[in-house]
Amino acid sequence: MTDVNWVALIILVVLFAMVAVMGFWASRWRRPESMESLDEWGLGGRSFGTWITWFLLGGDLYTAYTFVAVPAAMFGAGAVSGFFAVPYTIILYPIIFIFMSRLWSVSHRHGYVTPADFVSGRHGSRGLSLAVAITGFVATMPYIALQLVGIQAVLEVTGVGGSGNVLAADLPLFIAFVVLALYTYTSGLRAPAIIAFVKDILIYLVIIVAIIYLPSRFGGWEAIFGAAEKKMATPNPTTGAPTGVFIPSSAQYWAYASLALGSAMALFMYPHSITGALASRSRNTIRRNAAILPAYSLVLGLLALLGWVAIAAGTKPIGLDGKPNAQLVVPQLFEDTFPAWFAGVAFAAIAIGALVPAAIMSIAAANTFTRNIYKEWINKDATVQQEAKVSKVASLVVKAFALVFVLTMDKQNAINLQLLGGIWILQTFPAIVFSLYTRWFHRWALLAGWAVGMIYGTVAAWNVSSAATPHFGGSLSAVPVWGQLGYIAVTAFVLNVVVAAVLTVILRATKTPAGVDATEPADYFADEGDPRVSPMPPTFEELAEREARQH
């Protein structure tokens, strides 16, 4: 502990403790009548206005791992691996402007809490609903682990968390986990909604100061871009190829574009993204947020460039184990160039930036397990209170799994699984988004398309190797027939849609039952105060009775 940056660590601990207190206080915020329902605990009473939703979604989508990984990718591999995140978050918001208000309306009308709830109501298919639920649940797990990796990176740069001493290595992260688990359990979604205010203010402050001060410290942007261009063109001693990409060439256009498009389509398929949106007060709140959330993309662009600033600064991201670790580049840059007190503020921004998404992700994963696995397959007669209790316990289990994963497995496995999760989650897009507009796709065709996309995406990702791992080494692979390098998730998505469309034609021609639609056209335009709002979605038994009456 002799090399600990005590000033930075103390400031980090103080700010962390402050937001922890806010997290516990959040259970009293707006005086909810009871936290014993998923509507209150898991969706904050569906009552968040424009600004609360803006901070919540911003805190949810722009995570601690974003703060760590995007600049690290720019530092290590350049534009294709790192800067694609900026156009993808720009493409994202017009997409959610179009479909998310419809999902909010139908979910508000029928009491849906998860995307799988909507799919089951729209198609009356337990199999398709379960597929969407399991995909969302599994894809979210490594995402939670990566938030803990972000906290771990900050602790390591301050001098805590990487030594051979088990207590020094793991205790700080364990304490952070316990705090996160307890305030999430007691306060539900209200806790990250409150903490997001502090997190976003800190991040905006840190990025603005850094982007003004650091270029003047290292010769201006011309010198910074020059240093980055030189490093990217330098041959990798292992492969002989250039280290990275400064400006993508024509051969890399599709890789860059497909990464941006596929990531944009996938992000709001994650349960935690949809949870943040469904917690808003009205459909217009969603639209207003789609218009103002791009402000975060500006900050993300500046954040990404810090990876190239670190090149010009000569930053050496070396872990306490003595090995190079690009994930430490931004914390190390701040410790090297700023006073200890400001480095502490930056470290707190990253650590607090992990608490918000980790809480929302664990709540969303728990809600998915409770509604679409526990209630539909284990205890169909579960009461509202039982649902809330199971979801609270499930949120603890999910976070505990993430902690064990981070402490016992190589961080590269968490990164690889998160990349794989992005490929998987995009395969739920047809079942969710297409179904908001049409029931032409047959439920079994959607399930078959999902299965084909999942299998192809997993096998293709398995066959990608890198210097760090022989399998699951990245998200890019040659597109079959065409041969261009592209995002595996997009290729799998195209196969998914083709299979679903072809099988729909066949199944409709053979008059295979398509299931009962529990929704009506007017449901997709319901708004705040709609008198038809139902507190609970219909059970499969009720849907079966409706189908029997129709026949």
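Above this text is the structure in question.
Residues numbered from 1 in each chain as written. Predicted model: local features only at pLDDT ≥ 70, side-chain atom pairs only at ≥ 80, totals over all residues. Heavy atoms only, no water.

Asks: Could you give me a rundown of the nonpolar core, with the residues and numbers involved?
Replies: With 179 residues, the main nonpolar core has Phe 99, Met 100, Phe 268, Leu 306, Trp 308 and Phe 334 as its most contacted residues. With 19 residues, helix α17 (residues 340-378) is the single largest residue contributor to this core. Leaving out residues up to four positions away in the same chain, Phe 268 has contacts with Leu 57, Leu 61, Leu 92, Ile 96, Phe 99, Met 100, Ser 273, Ile 274 and Ala 277. (Core = buried A, V, L, I, M, F, W, Y, C linked by side-chain atoms within 4.5 Å. Buried < 20%, exposed > 50% of the residue type's maximum accessible area, 1.4 Å probe, protein only. Helix = DSSP H or I, 4+ residues; strand = E, 2+ residues; numbered from the N terminus. Contact = heavy atoms within 4.5 Å.)

Asks: Describe empty space enclosed by the protein, naming the residues involved and giving the relevant values.
Replies: Under the defined criterion, the tally for this structure stands at 6 cavities of 30 Å³ or more. Its volume calculated, the largest cavity comes out at about 120 Å³. Taken together, 13 residues form the lining of the largest cavity, with Tyr 62, Ile 203, Tyr 296, Val 299 and Leu 303 sitting closest to its centre. By residue number, the principal contributor to the lining of the largest cavity is helix α10 (residues 190-217), which donates 5 residues. (1 Å grid on protein atoms, 1.4 Å probe; cavity = no way out; pocket = protein on both sides within 12 Å on 5 of 7 lines; lining within 4 Å. Points joined across faces, edges and corners; volume = space filled by probe spheres on them.)

Asks: A description of the pattern of salt bridges should follow, citing residues and the corresponding values.
Replies: Between side chains of opposite charge, pairing is possible as soon as their charged atoms come close. Applying the stated criterion to the full structure yields 8 salt bridges. One salt bridge connects Arg 46 with Asp 39, and the closest N-O pair in it is separated by 3.1 Å. You can call Arg 46 buried: its relative accessible area is 10%. Among the charged side chains, a salt-bridge network with shared partners connects Asp 117, Arg 371, Lys 375 and Glu 387. (Salt bridge = Lys/Arg side-chain N within 4 Å of Asp/Glu carboxyl O.)

Asks: Give a detailed account of unusual backbone geometry, specifying residues and quantitative values.
Replies: For Phe 472, which is not a glycine, the phi torsion comes out positive at approximately 50 degrees. Positive phi outside glycine occurs at Lys 511, with the angle close to 60 degrees. Residue placement: Lys 511 occurs in the loop between α22 (488-509) and α23 (540-550). Of the residues examined, Lys 511 reaches a relative accessible area of 71% and is grouped as exposed.

Asks: Kindly report on a nonpolar patch on the surface, identifying the contributing residues and their values.
Replies: A grouping of Val 494, Val 498, Val 502 and Ile 506 is seen on the molecular surface, where their side chains present a nonpolar patch of about 320 Å² in accessible area. Tracing the sequence through the fold places Ile 506 in helix α22. (Patch = residues over 30% accessible without salt bridge, like charges linked within 9 Å, V, L, I, M, F, W, Y side chains within 5 Å. Areas by Shrake-Rupley, 256 points an atom, 1.4 Å probe, with all protein chains shown as cover.)

Asks: Explain the side chain of Asn 367 residue by residue, including any values.
Replies: Locating Asn 367 in the fold gives a position in helix α17. When near neighbours in sequence (up to four residues on either side) are disregarded, Asn 367 contacts Leu 38, Trp 41, Gly 42, Val 113, Thr 114, Asn 372 and Ser 391.

Asks: Any chance you could break down the packing of aromatic side chains for me, citing the residues and the numbers?
Replies: Across all of its chains, the model carries 27 aromatic pairs by this definition. Taking 6.0 Å as the distance between ring centres and 20 degrees as the angle between the ring planes, the aromatic pair formed by Phe 84 and Tyr 88 counts as stacked. Across the pair, exposure class does not vary: Phe 84 and Tyr 88 are buried alike. Of the aromatic side chains, those joined through ring pairs into one cluster are Trp 51, Trp 54, Phe 55, Tyr 62, Phe 197, Tyr 204 and Tyr 296. The ring centre of Trp 377 lies 4.0 Å from the NZ or CZ of Arg 126, which sits over that ring. (Phe/Tyr/Trp six-rings, centres within 6.5 Å; stacked < 30°, edge-to-face > 60°. Lys NZ or Arg CZ within 6 Å of the ring centre and 35° of its normal.)

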